[in-house]
Amino acid sequence: MDNVIEALFSLKVPIESVKPDPRNARQHPARNLKAIMDSLDAYGQRKPIVVNAKTKTIEAGNGMWEAAQALGWDEIAVAFVKDDKAVASAYGIMDNQSALLAEWDLPTLKDLLQELDDGETNIIAM
């Protein structure tokens, strides 16, 4: 089985051909990396990481890249962009911050989790 969904096959590159952002302000402690690894194991890569075409530095998806490496992946799907340094930094911050500003609809989340709690569906706990 391929680790990347078929719709992203054309975006696959060798995982070693891109590098994490050494100035990434978002940290990925062991608990977070395990959650990302569990998700990649269960569902595969369903969205590309974002990488600067010139520098080959990851702008968004550093945690996914690190988790995929830990899982021994040889390839990862990448969307290349041509950002200057300022845009690359700003986008990296925005990509992480925007998710933090979202809120759960708790009644809907409860319903979804109850639907999935059928004894057969593996729900990855966060």
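Our structure is the block above this text.
Conventions and cut-offs
Residues numbered from 1 in each chain as written. Predicted model: local features only at pLDDT ≥ 70, side-chain atom pairs only at ≥ 80, totals over all residues. Heavy atoms only, no water. Helix = DSSP H or I, 4+ residues; strand = E, 2+ residues; numbered from the N terminus. Buried < 20%, exposed > 50% of the residue type's maximum accessible area, 1.4 Å probe, protein only. Contact = heavy atoms within 4.5 Å. Areas by Shrake-Rupley, 256 points an atom, 1.4 Å probe, with all protein chains shown as cover. Lys, Arg positive; Asp, Glu negative; His and termini not counted. Charge placed at Lys NZ, Arg CZ, Asp CG, Glu CD. Core = buried A, V, L, I, M, F, W, Y, C linked by side-chain atoms within 4.5 Å. Salt bridge = Lys/Arg side-chain N within 4 Å of Asp/Glu carboxyl O.

(A) Molecular detail of the overall build of the protein chain. Looking only at helices and strands, the protein chain has 4 helices and 4 strands in total. Along the chain direction, N to C, the helices and strands of the protein chain fall in the order β-α-β-β-α-β-α-α. In terms of principal-axis extent, the alpha carbons of the protein chain reach across some 45 × 35 × 25 Å. Looking at the protein chain as a whole, 25% of its 126 residues are labelled buried. Restricting the contact set of the protein chain to residue pairs at least 6 apart, pairs at least 24 apart contribute 81%. Entry remark: accessible area of the protein chain is about 8,900 Å², with carbon and sulfur atoms responsible for 55%. Taking the average place of the 13 positive charges on the side chains of the protein chain and the average place of its 20 negative ones, the gap between the two points comes to 10 Å.

(B) Local environment of the nonpolar core. Residues Val18, Leu40, Ile49, Trp65, Ile76 and Val78 are the most contacted members of the largest nonpolar core, which totals 19 residues. Broken down by secondary-structure element, the contributors of at least two residues to this core are α1 (30-43), β2 (49-52), α2 (62-70) and β4 (75-81). Per element, the largest residue contribution to this core is 4 residues, and it comes from α2. When near neighbours in sequence (up to four residues on either side) are disregarded, Val18 contacts Val13, Ile49, Val51, Lys56, Ile58, Trp65, Val78 and Phe80.

(C) Unusual backbone geometry, seen in detail. Phi angles above zero are rare outside glycine, and Lys56 is one such case at about 65 degrees. Its place among the elements puts Lys56 in the loop between β2 and β3 (58-60). What makes Lys56 partly exposed here is its relative accessible area of 35%.

(D) How the structure looks around the pattern of salt bridges. In the structure shown here, the tally under the stated rule is 3 salt bridges. With its nearest N and O atoms 3.4 Å apart, the salt bridge here joins Glu75 to Lys12. Remark: Lys12 occurs in strand β1 (residues 12-14) and Glu75 occurs in strand β4; sequence separation between them is 63 residues. In this structure Glu75 comes out as partly exposed when scored by relative accessible area, which is 36%. Residue classification places Lys12 among the partly exposed positions, given a relative accessible area of 22%. The salt bridge involving Lys34 is made with Asp38; its shortest N-O contact spans 2.8 Å. Residue Lys34 and its partner Asp38 are both found in helix α1; the two are separated by 4 residues, about one turn of the helix. On the basis of relative accessibility, which here comes to 26%, the residue Asp38 falls in the partly exposed class. Where salt bridges share partners, they join Asp2, Lys12 and Glu75 into one cluster.

What is shown is where atoms sit, not what they do.
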